[in-house]
Amino acid sequence: MAEKRLAIFTSGQGSTVENGPLHAVESGRLQMDIALIISSIKNSRIVQLASSRDIKTVEVLPKELSERFDDVVDLLVRESGANVGVLMGWKEKIADKTIERLDLVAGTHPSRLPEFARGYGLTPYAAAWKLSQLDPSVKDTEVVVQRLYPGRGWDEGPILGRRLVPIFKTD
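Residues numbered from 1 in each chain as written. Predicted model: local features only at pLDDT ≥ 70, side-chain atom pairs only at ≥ 80, totals over all residues. Heavy atoms only, no water.

> Teacher, can you tell me more about the overall build of the chain here?
A count of helices and strands for the chain gives seven helices and seven strands. Listed by position from the N terminus, the elements making up the chain come as β-α-β-α-β-α-α-β-α-β-α-α-β-β. Long-range pairs, those at least 24 residues apart, make up 58% of the contacts in the chain with a sequence separation of at least 6. Here the chain has roughly 9,600 Å² of accessible surface; of this, 53% comes from carbon and sulfur atoms. (Helix = DSSP H or I, 4+ residues; strand = E, 2+ residues; numbered from the N terminus. Contact = heavy atoms within 4.5 Å. Areas by Shrake-Rupley, 256 points an atom, 1.4 Å probe, with all protein chains shown as cover.)

Printed below as a string of structure tokens:
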């Protein structure tokens, strides 16, 4: 079996990446090398975290690259040798050619179900947070991990797993 090499796509500061795959790899629970972290925002905390661990991290800013964004992301994934991808707070669409390049691509949704967010016209996490504001008894949400396929929407693949996580007042 080929060695599993992970590409992580993020658009946040990196707390989900740090507490998810980064911790799982470092603790030995996830038998994979992190080939690359791609951040779509400038100066995110994850860049410093990854650099201190000698993990290649690249900032790929969609507004600066415009129509070249998909090609640059695809080239970075190809050059990294990654064969698995995970979207963690990633706000951009992944091009079909990049999904096809990888053996598995999974997206994470911080919501009880991806369909929940659509009903509110919000991102999944914003919908979960909004629900917690409307109903103070709501203290957690569910992170749903879903497989992505080329030519399909973000929420159309099978659910691979789910886990309850707290909603903090600072979220």
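> Can you help me understand the pattern of salt bridges in this one?
For side chains bearing opposite charge, pairing can occur when the charged atoms are close. Inspection of the entire model under this criterion finds five salt bridges. In this structure, R45 engages E18 in a salt bridge whose closest nitrogen and oxygen atoms are separated by 2.5 Å. Of this pair, R45 sits in helix 2 (residues 45-52) while E18 is found in helix 1 (residues 15-27), placing the two residues 27 residues apart along the sequence. Note on R45: relative accessible area 35%, which makes it partly exposed. (Salt bridge = Lys/Arg side-chain N within 4 Å of Asp/Glu carboxyl O. Buried < 20%, exposed > 50% of the residue type's maximum accessible area, 1.4 Å probe, protein only.)

> I tried to follow helix 4 (residues 69-80) on my own but got confused; where do I start?
Given 3.6 residues per turn, any residue in an α-helix points the same way as the ones three and four places further on. An ideal rise of 1.5 Å per residue puts 16 Å on 12 residues; helix 4 measures up with 17 Å between its terminal C-alpha atoms. Along helix 4, the residues classified as buried are F69, V73, D74, L76, V77 and S80. Considered in projection along helix 4, the buried side chains sweep an arc of 160 degrees and stay on one side of the axis. Looking at the buried positions of helix 4, the neighbouring elements they touch are strand 1 (5-10), strand 2 (33-39), strand 3 (57-59), helix 3 (62-65) and helix 5 (96-101). Two residues or fewer after helix 4 comes G81, characterised by a positive phi angle close to 80 degrees. (Expected span 1.5 Å × (residues − 1). Arc of directions from axis to C-beta.)

> Before we go on, may I ask you to explain the pairing of strand 1 in this structure?
A regular strand places its side chains so that they alternate between the two faces of the sheet. The element strand 1 is extensively covered by neighbouring structure, given that five of its six residues are classed as buried. Bridge count for strand 1 against strand 2 is six bridges, and the pairing is parallel. Looking across to strand 2, one finds that R5 is bridged to D33. Note on the crossover from strand 1 through helix 1 to strand 2: the handedness is right-handed. Two strands pair when backbone bridges link them, and strand 1 and strand 4 (residues 84-88) are joined in this way by five bridges, in the parallel orientation. Note on strand 4: the bridge partner recorded for A7 is G85. (Pairing = 2+ DSSP bridges. Right-handed = clockwise from strand over helix to strand, strands pointing away.)

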